[in-house]
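Given next are the chains, with one letter for each unit.
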Amino acid sequence: MIWLFVPLVGLAVSVVSVFLGLGGGILLVPILPLLFGLDLHSSVATSVFTITFVVMENTYRFQQSKWVHWPVVVWMAPAAALASFSAARLSAHLNEEILLILLLIILGIIGLRTLVFSFFAPRYEPQKLSLSKRILLLLGGGVAGLTSGLIGIGSGVIQGPVMIFLKVVKPVQLTPTSNANMVFTTLFASFGFLWGSKVVSWNQFGLIRWDISLGIFTFASLFSHFLRPWQNHLPFRVKSLLLSLVLLALTIRVCFQLNLFS
């Protein structure tokens, strides 16, 4: 019966990936334990593995329309890949409370920063990719890789706001470029989780539940096919506002998981 929720999860992943530049991991990490009974470590690994395929397909489709700004990817991706692989190797050795606290801090900071930017930022105009901005992109990629490997977020939650703050992409390029960056973070994080893993059962390899990944990706791919042409129809400020509201809602959800309101 629980598998009836797979299409809805796939739809949610496709919406946040296509319209908000997130891989969907920001939804999967809290949802997988709730719907499928996975522990947090398995949820993180399964989320990253799932989002790898989602963002690879999105990037391929976006590139056909020439929307990916590759100079930004070149500066963010190497640090993101290295950090995500290392963090994935470390993640399995951290207890769930530490992972939830890290998730709470990152969601709260980025959510508030993006919300403020949505209302008070000046009119968005892309700027030249200077040396200082390239260094900040490199650092942002490293932080994004850490979040991907440690807490299963596809790193769009970090990379998107970094690109917004630095104003290095056109509004139409934000989501496609974020997806391209996430290919590297999620792919190398998946390598980290798979490294040295063994078959646990017919549907699980190490911490990764591949059957859940396949089901969610299948429906996410289907829905993304219809949603992708509309990704640049949302005003930039609306995307930024929606992203901040999603982050803040999930921050509250994690607070409940940590029993901070009891």
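The following paragraphs examine the structure supplied in this document. (Residues numbered from 1 in each chain as written. Predicted model: local features only at pLDDT ≥ 70, side-chain atom pairs only at ≥ 80, totals over all residues. Heavy atoms only, no water.)

A short note on the overall build of the protein
Within the protein one finds ten helices and three strands. Traced from its N-terminal end to its C-terminal end, the protein shows the element sequence α-α-α-α-α-α-α-α-β-β-β-α-α. Relative to the 2.2 N^0.38 estimate, which gives 18 Å for 262 residues, the radius of gyration of the protein is 17 Å and therefore close to what a compact globule would have. Burial analysis of the protein (262 residues in total) assigns 56% to the buried set. (Helix = DSSP H or I, 4+ residues; strand = E, 2+ residues; numbered from the N terminus. Rg over C-alpha atoms; globule rule 2.2 N^0.38 Å. Buried < 20%, exposed > 50% of the residue type's maximum accessible area, 1.4 Å probe, protein only.)

A closer look at the sheet that holds strand E3 (residues 208-209)
In spatial order, the strands read E1-E2-E3; together these three strands make up an open sheet with antiparallel pairing. With one partner strand each, in any of the chains shown, strand E1 (199-201) and E3 form the two edges of the open sheet. Where E1 and strand E2 (residues 204-205) come together, two bridges link them in antiparallel fashion. Bridge pairing links Ser201 to Gln204 in E2. (Pairing = 2+ DSSP bridges.)

A few points about helix H9 (residues 210-227)
Between its first and last C-alpha, H9 extends 25 Å over 18 residues, near the 26 Å set by a 1.5 Å rise per residue. Within the sequence span of H9, burial applies to Asp211, Ile212, Ser213, Gly215, Ile216, Ala220, Ser221, Ser224 and Leu227. The elements touched by buried residues of H9 are helix H1 (6-20), helix H2 (25-36), helix H3 (40-64) and E3. (Expected span 1.5 Å × (residues − 1). Contact = heavy atoms within 4.5 Å.)

Topic: the side chain of Thr59
Within the secondary structure layout, Thr59 lies in helix H3. In this view, Thr59 contacts Val68, Trp70, Asn179, Ala180 and Val183; residues no more than four positions away in its chain are not counted.

Remarks on a nonpolar patch on the surface
A contiguous nonpolar surface patch, about 340 Å² in accessible area, is contributed by Trp70, Phe184, Phe188 and Phe191. The element that contributes the greatest number of residues to the nonpolar patch is helix H8 (residues 171-194), accounting for three residues. By the secondary structure assignment, Phe188 is in helix H8. (Patch = residues over 30% accessible without salt bridge, like charges linked within 9 Å, V, L, I, M, F, W, Y side chains within 5 Å. Areas by Shrake-Rupley, 256 points an atom, 1.4 Å probe, with all protein chains shown as cover. Salt bridge = Lys/Arg side-chain N within 4 Å of Asp/Glu carboxyl O.)

Quick look at unusual backbone geometry
Residue Lys66 is not a glycine yet carries a positive backbone phi of 60°. Positionally, Lys66 belongs in the loop between H3 and helix H4 (70-91). Under the relative-accessibility criterion, Lys66 is labelled exposed at 62%.

Thoughts on the environment of Leu20
Tracing the chain through its elements places Leu20 in helix H1. Each C-alpha atom of the pair Leu20 and Arg61 lies 16 Å from the other, and the pair is 41 residues apart in sequence. Excluding residues within four positions of it along the chain, Leu20 makes contact with Val15, Thr175, Lys239, Leu242, Leu243 and Val246.

With respect to the packing of H1 against H2
One can describe the packing of H1 onto H2 by two numbers: an axis separation of 12 Å at closest approach and a directional angle of 175°. Our classification of the angle between H1 and H2 gives roughly antiparallel. Judged by residue contacts, Val6, Val9, Ala12, Val13 and Val16 of H1 engage Leu27, Leu28, Ile31, Leu35 and Phe36 from H2. Here the contact of H1 with H2 is built from residues that sort into ten nonpolar, no polar and no charged. (Axes fitted to C-alpha atoms, helices over the stretch in contact; angles between N-to-C directions. Parallel < 35°, antiparallel > 145°, perpendicular 65-115°, else oblique. Nonpolar A, V, L, I, M, F, W, Y, C, P; charged D, E, K, R; others polar.)

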